[in-house]
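Examining the three-dimensional arrangement
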Amino acid sequence: MLQIRIDRNVEVVTCLLNLTERGSLDWNTGISSQPYRREVMQHFSHLKKHPAVLLTNQLHAQGFWWDAMIELAVTCTVFPEAALTADLRNSRYVNAGEGDPAKGKKTLDELLDLIDDFYIQAEFDDFYRAHQPLYDGIIREVEAGLPDAAWLQLVTDYYGAGSDEDIQGFYLIPSPLSIGGTSFGPEVHRAGELEVYNVFAPFRSVDAEEASCGFDRPEQLAKLAMHEFGHSFVNHALEPPRHKGPITRFAALYAAERATGQMGYEDWICVAEHIIRACEIRIALVAGQPESAARLLQHNIEQHAFHYLPAIVEALDDYEQNRSRYPSLSAFVPTLMQTLDAIAADQ
């Protein structure tokens, strides 16, 4: 069920993002040495003014960021004949259309046509094939660091995977052109089936003479995959306009953190991050790792300012003790909204 691959569509859109003015500034200075990224930016520099690059830059400014572009990439057919095969989440269309989802759909159709043209003009297929040895090396590094099958079973059991939709597959997509150290968790819903993704960047800087591709950190792979897979089971239960009141009231508790640049999420994503991180702590407890659970809780409070996480962790005990009533985490979300309201009321 767990599959690993390089996704050519993801390579195309992350190439575009690196060529944009705004996307190039997102690069993680802490993971600065990425020879392949430098090669890509130099090789395709003559296309920085291509309409696909310019529209991608505009959409980035509107909030259609890396995660949205990657979701678009895994939801459409292959370039240069791209077309959406399922709907994106509604918030994607809202951001692409500056508040108007109908306009956003038209804009994204236009974008796909422009990316098709970019793909052809860039002769991207030839470039991709020429770098197959690099991609093969990346796959080998990821395969060497895979967690065992029991890990995935633990995660899927906790979230109740398959209770709401059949799982078509879990996909690990290493992405050498994404922002170093980051990962994204797009999900695709189609015909009653769910595709679950973790698209992840190199874990560390690499030098040109190194044999490593930067994906040789097994502990980070397991951690990021658990987190991003979690988004596929939580996001759809929270996306606007669902549970607007409790979400807004809870997110308002983090106004100070947002003012200082921390917790820079939309309200519902702020809540999703809390729920997923709480689940990660509970999964560690289920796995018989109380020390790991304690470290995770402390790390999220001290390093990420998730001050109200302990109450959500505690609330999940009800979920675990009543799985016949709550076959999936999404079924428990309405109860968690009551917890969020209680937290907000106490402050």
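Residues numbered from 1 in each chain as written. Predicted model: local features only at pLDDT ≥ 70, side-chain atom pairs only at ≥ 80, totals over all residues. Heavy atoms only, no water.

Right, let's get into the packing of aromatic side chains. Applying the stated rule across the entire model yields 24 aromatic pairs. Between F44 and F124 the ring centres are 5.7 Å apart and the planes differ by 20 degrees, which places this aromatic pair in the stacked class. A residue pair is termed long-range when its members are at least 10 positions apart, and F44 in the loop between α3 (35–43) and α4 (51–61) and F124 in helix α8 (residues 124–130) qualify at 80 residues. Here F44 and F124 have matching classes, each one buried. Here W151 and F229 contribute two aromatic rings whose centre-to-centre distance is 6.3 Å and whose plane-to-plane angle is 45 degrees, an arrangement assigned as tilted. With W151 in helix α10 (residues 149–159) and F229 in helix α11 (residues 218–238), the pair connects residues that are 78 residues apart, well separated along the chain. Take W151: its relative accessible area is 13%, and that puts it in the buried class. One aromatic cluster in this structure is built from W151, Y158, Y159, F170, F229, F233, Y319, Y326 and F332. (Phe/Tyr/Trp six-rings, centres within 6.5 Å; stacked < 30°, edge-to-face > 60°. Helix = DSSP H or I, 4+ residues; strand = E, 2+ residues; numbered from the N terminus. Buried < 20%, exposed > 50% of the residue type's maximum accessible area, 1.4 Å probe, protein only.)

Let us look at the packing of α11 against helix α17 (residues 329–346). At a closest axis distance of 9 Å, the pairing of α11 and α17 adopts a crossing angle of 50 degrees. The orientation of α11 relative to α17 falls into the category oblique. Pair α11 / α17 crosses with right-handed handedness. Contact residues: α11 offers F233, V234, H236, A237 and L238, while α17 offers L329, S330, V333 and M337. Of the residues assigned to the contact of α11 with α17, the class counts are seven nonpolar, two polar and no charged. (Axes fitted to C-alpha atoms, helices over the stretch in contact; angles between N-to-C directions. Parallel < 35°, antiparallel > 145°, perpendicular 65-115°, else oblique. Left-handed = near helix turned anticlockwise from the far one by under 90°. Contact = heavy atoms within 4.5 Å. Nonpolar A, V, L, I, M, F, W, Y, C, P; charged D, E, K, R; others polar.)

Looking now at the side chain of T156. In this fold, T156 is placed in helix α10. Taking relative accessible area as the criterion, T156 reaches 10% and is therefore assigned buried. A polar contact is formed between the side chain of T156 and the backbone oxygen of Q153, at a distance of 3.0 Å. Sequence-distant contacts of T156, that is, excluding residues within four places in its chain, are made with A161 and F170. (Polar contact = N/O pair within 3.5 Å; in protein donor to acceptor, adjacent residues only side chain to side chain.)

The terminal C-alpha atoms of helix α14 (residues 267–286) lie 29 Å apart, and with 20 residues this matches the ideal 28 Å at 1.5 Å per residue to within 8%. Among the 20 residues in α14, 17 count as buried, and that is most of the element. (Expected span 1.5 Å × (residues − 1).)

With respect to the helices and strands, D100 occurs in the loop between α6 (90–96) and α7 (101–121). When residues no more than four places from it in sequence are discounted, the contact partners of D100 are Y93 and V94.

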